[in-house]
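# Summary of structural features
Take a look at the letters that make up each chain.
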Amino acid sequence: MTLHEYNQKRNFASTSEPEGKIKKSVAEMIFVVQKHAASHLHYDFRLESEGVLKSWAIPKGPSMNPAHKRLAIQVEDHPYAYRNFEGIIPEGNYGAGNVIVWDNGTYILVDDENYGNLNAYLQKGQVRFIIKGKKLKGEFVLVKLKAKKENSWLLIKAKDDYATEEDVLLQDQSVIANTTIDSLKS
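Owing to the predicted nature of the structure, the values given are computational and were not obtained by experimental measurement.

### A closer look at the overall build of the protein
Of regular secondary structure, the protein possesses two helices and nine strands. The linear arrangement of helices and strands in the protein, starting from the amino end, is α-β-β-β-β-β-β-α-β-β-β. Here the C-alpha coordinates of the protein stretch approximately 45 × 35 × 35 Å along the principal axes. Looking at the protein as a whole, 50% of its 186 residues are labelled buried. The long-range fraction of contacts in the protein, counting pairs at least 24 apart against all pairs at least 6 apart in sequence, stands at 59%. Counting every atom, the protein has about 9700 Å² of accessible surface; 50% of that belongs to carbon and sulfur. Between the mean site of the 25 positive side-chain charges and the mean site of the 24 negative ones, the protein shows a separation of 2 Å.

Rules of the game
- Residues numbered from 1 in each chain as written.
- Predicted model: local features only at pLDDT ≥ 70, side-chain atom pairs only at ≥ 80, totals over all residues.
- Heavy atoms only, no water.
- Helix = DSSP H or I, 4+ residues; strand = E, 2+ residues; numbered from the N terminus.
- Buried < 20%, exposed > 50% of the residue type's maximum accessible area, 1.4 Å probe, protein only.
- Contact = heavy atoms within 4.5 Å.
- Areas by Shrake-Rupley, 256 points an atom, 1.4 Å probe, with all protein chains shown as cover.
- Lys, Arg positive; Asp, Glu negative; His and termini not counted.
- Charge placed at Lys NZ, Arg CZ, Asp CG, Glu CD.

Structure representation (structure tokens):
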């Protein structure tokens, strides 16, 4: 799922979303979770890899509870510039609705035998990583589902010092603008 697909789905004359261009961070790899009130409320989970953001839509949102296995549907790659996108995608555009940056930070791969190559782990169907975010922290794993559609994964919190049964989704403000998804106005 490439940036070409991302660019084809959008009309940049009518949306403030950034155009798809490859760009890498200069230090640690970043992650971002955007809360997106489109036709259905969901969370877009993104991991930087080779200048783009590998992306999954998580209908129920991420959880800090290891007992919760969250369905994560892999979608098209997004440009690195999308990491800070907040605003309203106008009606008539792909993904129309309100978007905030719900969480962000950096991540590292666990037992990184592929030297930071996230794509190698995605091809194997399992990625273990440690997140250093403002809301999400600690180890997580993405596991590809074999019996489902080709783009179906599970996002699971590992049992570690950050694991909790508390609902992290109750922290509903943007980590950039301190606003909520409902407070965005067109």
